[in-house]
Amino acid sequence: MGIRMAKAEDAAAILEIYKDYIEHTTITFEYEVPSLAEFTERITETLQKYPYLVWEEQGKIGGYAYAHQFMVREASKWGAELSVYLHPDFFGKGIGTALYKVLEDILLLQGVQRLYGCVASGNDSSVAMHKKAGFQEIAVFPKCGFKQGKWLDLIWLEKVIAERESPMPFRTVWEIETEGIFQHRNHEVHGKE
């Protein structure tokens, strides 16, 4: 019970969480629910280099979080954008924050120096979670998305996790030891219950 690395077999449960965000909120700018095959491919593609995490409790996935490269060019690989989504039954329990802490621990070992969060306007709880985790608002892109009959801003937040004159070589998530991170953070979460 707790945080672990996602597997392709988790895709259906993860997609069920994400589907609600697509269909009923403006939190994601996606309009159409992807097929299970497409969503599974997204997970496996992310896992080639970056962490994709799930929170599992009593056999049920209650949330997930993942990272991917910030921007697509080689020179930007020391930045990572993070995303987190929770099932409503798991809101307000610190799970989003716990998932972000594990992502941060792993990404630091991968050589990442800066973390980014992109939040749609109106998602005040996500902005608050990011700020509580040490992110600072750095930009707002006004009216850059349209969903559910209204224009939406995107709020960009950043957290510096390392300052190096020269970057470390970037390592994939599979080139670092993550088991100790999971044990430490899961113990931390369960110790507060």
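Let me sum up the structure you'll find in this document. From a predicted model like this one, the values you see are computed outputs, not experimental measurements.

**Thoughts on the overall build of the protein**
Assigned secondary structure in the protein consists of five helices and seven strands. Helices and strands in the protein line up, N terminus first, as β-α-α-β-β-β-α-β-α-β-β-α. Expected size for 193 residues packed as a compact globule is a radius of gyration near 16 Å; at 16 Å, the protein falls within 12% of this value. For the protein, buried positions account for 48% of its 193 residues.

**Digging into the nonpolar core**
Grouped together as the largest cluster of nonpolar side chains are 52 residues, with contacts concentrated most on Ile14, Tyr52, Leu53, Tyr64, Leu99 and Leu107. For this core, the leading source of residues is helix α3 (residues 95-110), giving eight residues. In this view, leucine 99 contacts Ile3, Leu53, Val54, Trp55, Gly63, Tyr64, Ala65, Val84 and Leu86; residues no more than four positions away in its chain are not counted. Listed in part, the five residues of the second largest apolar core include Phe70, Tyr116, Leu154 and Trp156.

**Points about the side chain of glutamate 81**
Here glutamate 81 lies in strand β4 (residues 79-86). An unpaired buried charge is present at glutamate 81: no salt bridge exists, and arginine 42, the closest side chain of opposite charge, is 12 Å distant. In contact with glutamate 81, not counting residues within four places along its chain, are Tyr66, Ala67, His68, Gln69, Phe70, Tyr116, Cys118 and Trp156.

**Side note on the pairing of strand β7 (residues 150-160)**
Relative to β7, strand β5 (residues 114-120) is paired through seven bridges, and the arrangement is antiparallel. Of the residues in β7, the one forming a bridge with tyrosine 116 is glutamate 158. Here eight bridges tie strand β6 (residues 136-147) to β7, and the two strands are oriented antiparallel to one another. The residue bridging glutamate 137 from the neighbouring strand is leucine 157, located in β7. As consecutive antiparallel partners, β6 and β7 are separated by two residues, and within that stretch glutamine 148 has a phi angle of approximately 55 degrees, a positive value.

About the criteria used
Residues numbered from 1 in each chain as written. Predicted model: local features only at pLDDT ≥ 70, side-chain atom pairs only at ≥ 80, totals over all residues. Heavy atoms only, no water. Helix = DSSP H or I, 4+ residues; strand = E, 2+ residues; numbered from the N terminus. Rg over C-alpha atoms; globule rule 2.2 N^0.38 Å. Buried < 20%, exposed > 50% of the residue type's maximum accessible area, 1.4 Å probe, protein only. Core = buried A, V, L, I, M, F, W, Y, C linked by side-chain atoms within 4.5 Å. Contact = heavy atoms within 4.5 Å. Lys, Arg positive; Asp, Glu negative; His and termini not counted. Salt bridge = Lys/Arg side-chain N within 4 Å of Asp/Glu carboxyl O. Pairing = 2+ DSSP bridges.

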